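Given next are the chains, with one letter for each unit.
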Amino acid sequence: MRSHRKPAAVGLGCLLALVTTGCSEQAEPVDRARPAPSATAAPSTSSPAGTGTAYAPYVSATEAAGTDSAGSPTTYNLAFVLADGDDCTPHWDGSHAIGDPAVKSRISRLVKDGGHVRVSFGGASGKELAAVCDSATELAAAYGEALDAAGATRADFDVEGDELADSGSVALRSKAIALLQRERTDVEVSFTLPVMPSGLGKDSLALLGSANDHGVEVATVNLMTMNYGTSFDGDMGGYALTAAEAAHTQLKKVFGTSDAAAWRGMALTSMIGVNDVDGETFTLADAAEVRAFAEEKGIGWVSMWSAARDRQCANGSASGRPATDCSGVRQRSGAFGEAFAG
């Protein structure tokens, strides 16, 4: 998913360099023999069993949108914390100081009705902290500084593109998160990863294996059910469900857990409306389908990219390209949030 900065004529979603092939890496077949990483962690959830599927949209940490609170989110995923250049100092969107009073005020408004915030590190644009910090200690401190600035104990790591295949930054990130959790026992971690209808790819599975090997306690694996590539131009809701089923099998193997725990430790994030790949449009009917499936399976939470896009564009219909501030489909403002909230 993209940073919230607004480059001219550039859509949200995955890196534009991947528009042709989709944001997701090539998935490894789910039935392929593969040794499971050591099960030192298992997905869990921030919500007690039986409390239902939460709704947690991605929102800009720096810019408010009138549709942020549509659907009364349980949690807001604040996108994104990045490095500013080659310095291991966290910045909102790579450009706003982590202690920016305007961002603090925005967060206060988001949580005033009892919601929570989850700080999302990474995304598809900008420099990820794990790519510039020199040590796990330094990286863990940067993560902690951002969490403190937001008053949060929930951390999301959106890893995609080149960073997903970079074994060095993957290992450094795992070490830093494990250190962070040792220092702060209440930190809850989610990984947001690309997926295909056939499941998670080998790089995503390797990242989860690295987290296991370093003792990271993983609460949730959040699947980016979007931008599959030009071969997938059909039912986006159906693709999301197929991807979730395939990933569920993989997560059971990776974490050595039960059916129910693997579902509960999963989240689904869709890119609403017009996606970055020609022919991919996620509709309100798709959102309702995903919500119903998530409730049936006991999935931890559902999300969307992004709350700022949850409104109709000025021209009332799709423009052929995804926009940063509207969905590209006909809708009421906030309708996707309401559909995902159930």
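The written sequence of each chain sets the order in which its residues are numbered from 1. Given that the model is predicted, a residue must reach a pLDDT of at least 70 before its local features are reported, and side-chain atom pairs must reach 80 or more before they are shown or counted; all residues, however, enter totals for whole chains, interfaces and linings. By convention in this description, side-chain values take in all heavy atoms of the structure and omit both hydrogens and water.

**Quick notes on the packing of aromatic side chains**
Okay, so step 1: Between 30 and 60 degrees the pair is tilted, below 30 it is stacked and above 60 it is edge-to-face, where a pair is any two Phe, Tyr or Trp rings, Trp via its six-membered ring, whose centres lie within 6.5 Å. Applying the stated rule across the entire model yields 13 aromatic pairs.
Okay, so step 2: Seen from their ring centres, F121 and Y143 are 4.7 Å apart, and the 65° between their planes marks the pair as edge-to-face. You can see F121 sitting in strand 6 (residues 116–122) and its partner Y143 sitting in helix 2 (residues 136–150), a full 22 residues away along the chain. As far as burial versus exposure is concerned, F121 and Y143 are alike and both buried.
Okay, so step 3: Residues F282 and F340 carry aromatic rings whose centres are separated by 6.0 Å and whose planes lie at 10° to one another, so their mutual orientation is stacked. On the criterion of sequence distance, the pair formed by F282 in strand 12 (residues 281–282) and F340 in helix 9 (residues 335–341) is long-range, its members being 58 residues apart. We count a stretch as a helix when DSSP gives it H or I for four or more residues in a row; a strand needs E for two or more, and each element gets its number in order from the N terminus. Exposure classes here rest on a 1.4 Å probe applied to the protein chains alone. A residue is buried below 20% of its type maximum, exposed above 50%, and partly exposed in between.

**What about unusual backbone geometry?**
Okay, so step 1: In this structure, F80 follows A79 across a cis peptide bond, with omega equal to -15°.
Okay, so step 2: Mapping F80 onto the fold places it in strand 3 (residues 75–84).
Okay, so step 3: A cis amide bond links W305 to the next residue, S306, at an omega of -10°.
Okay, so step 4: One can find S306 in the loop between strand 13 (301–305) and helix 9.
Okay, so step 5: A positive phi angle, near 60°, is found at D93, a position not held by glycine.
Okay, so step 6: One can find D93 in the loop between strand 4 (87–92) and strand 5 (96–97).

**Focus on the nonpolar core**
Okay, so step 1: By size, the foremost hydrophobic cluster in this structure holds 85 residues, and its most contacted members are W92, Y143, F191, L208 and F340.
Okay, so step 2: Among the elements that make up this core, the one with the highest residue count is helix 6 (residues 236–255) (10 residues).
Okay, so step 3: Should any heavy atoms of two residues lie within 4.5 Å, those residues are counted as being in contact. Once residues lying within four places of it in the same chain are set aside, the contact partners of F191 are D156, F157, R173, I177, L207, L208, A211, V216, V218, T220, V221 and N222.
Okay, so step 4: Listed in part, the nine residues of the second largest apolar core include A79, L82, M224 and M226. Among buried residues, those of type Ala, Val, Leu, Ile, Met, Phe, Trp, Tyr and Cys that are joined through side-chain atoms within 4.5 Å constitute a nonpolar core.

**A few points about the side chain of N222**
Okay, so step 1: One can find N222 in strand 9 (residues 218–225).
Okay, so step 2: Given a relative accessible area of 0%, N222 falls into the buried group.
Okay, so step 3: Polar contacts, as counted here, are pairs of nitrogen or oxygen atoms within 3.5 Å of one another; within protein the pair requires one atom able to donate a hydrogen and one able to accept it, and residues that are adjacent in sequence qualify only if both atoms are side-chain atoms. Here the side chain of N222 touches T192 through a polar contact of 2.9 Å, side chain to side chain.
Okay, so step 4: In contact with N222, other than residues within four places in its own chain, are Y58, F191, T192, L193, A267, L268, T269 and W301.

**Section: a negative patch on the surface**
Okay, so step 1: Together, D84, D87, D134 and E138 give the surface a local cluster of negative charge.
Okay, so step 2: In this fold, D134 is placed in the loop between strand 6 and helix 2. Patch membership requires over 30% relative accessible area and the absence of a salt bridge. Like charges are linked within 9 Å, and nonpolar side chains (Val, Leu, Ile, Met, Phe, Trp, Tyr) within 5 Å. In short, Shrake-Rupley with a 1.4 Å probe defines the accessible areas, and a residue's cover is counted only from the protein chains shown. One speaks of a salt bridge when a side-chain nitrogen belonging to Lys or Arg is within 4 Å of a carboxyl oxygen belonging to Asp or Glu. Under the counting rule used here, the positive set is Lys and Arg, the negative set is Asp and Glu, and His together with the chain ends is not counted. Lysine's charge is taken at NZ, arginine's at CZ, aspartate's at CG and glutamate's at CD.

**A closer look at the pairing of strand 8 (residues 188–194)**
Okay, so step 1: Burial analysis of strand 8 places seven of its seven residues in the buried class, which makes it a mostly covered element.
Okay, so step 2: Side chains E188, S190, T192 and P194 of strand 8 all project onto a buried face; the interleaved residues V189, F191 and L193 project onto the opposite face, where all are buried too.
Okay, so step 3: Pairing between two strands is assigned when DSSP locates at least 2 bridges connecting them. As defined by bridge partners, strand 7 (residues 154–158) adjoins strand 8 across five bridges and the pair is classed as parallel. The residue of strand 8 that forms the bridge with R154 is E188.
Okay, so step 4: Here strand 8 runs beside strand 9; their pairing, made up of six bridges, is parallel. Paired with V189 across the bridge in strand 9 is V218.
Okay, so step 5: In this view, the connection linking strand 8 to its parallel neighbour strand 9 by way of helix 5 (residues 202–213) has right-handed handedness. Whether a crossover is right-handed comes down to one check: with the strands pointing away from the viewer, does the path from the first strand over the helix to the second run clockwise; if it does, it is right-handed.

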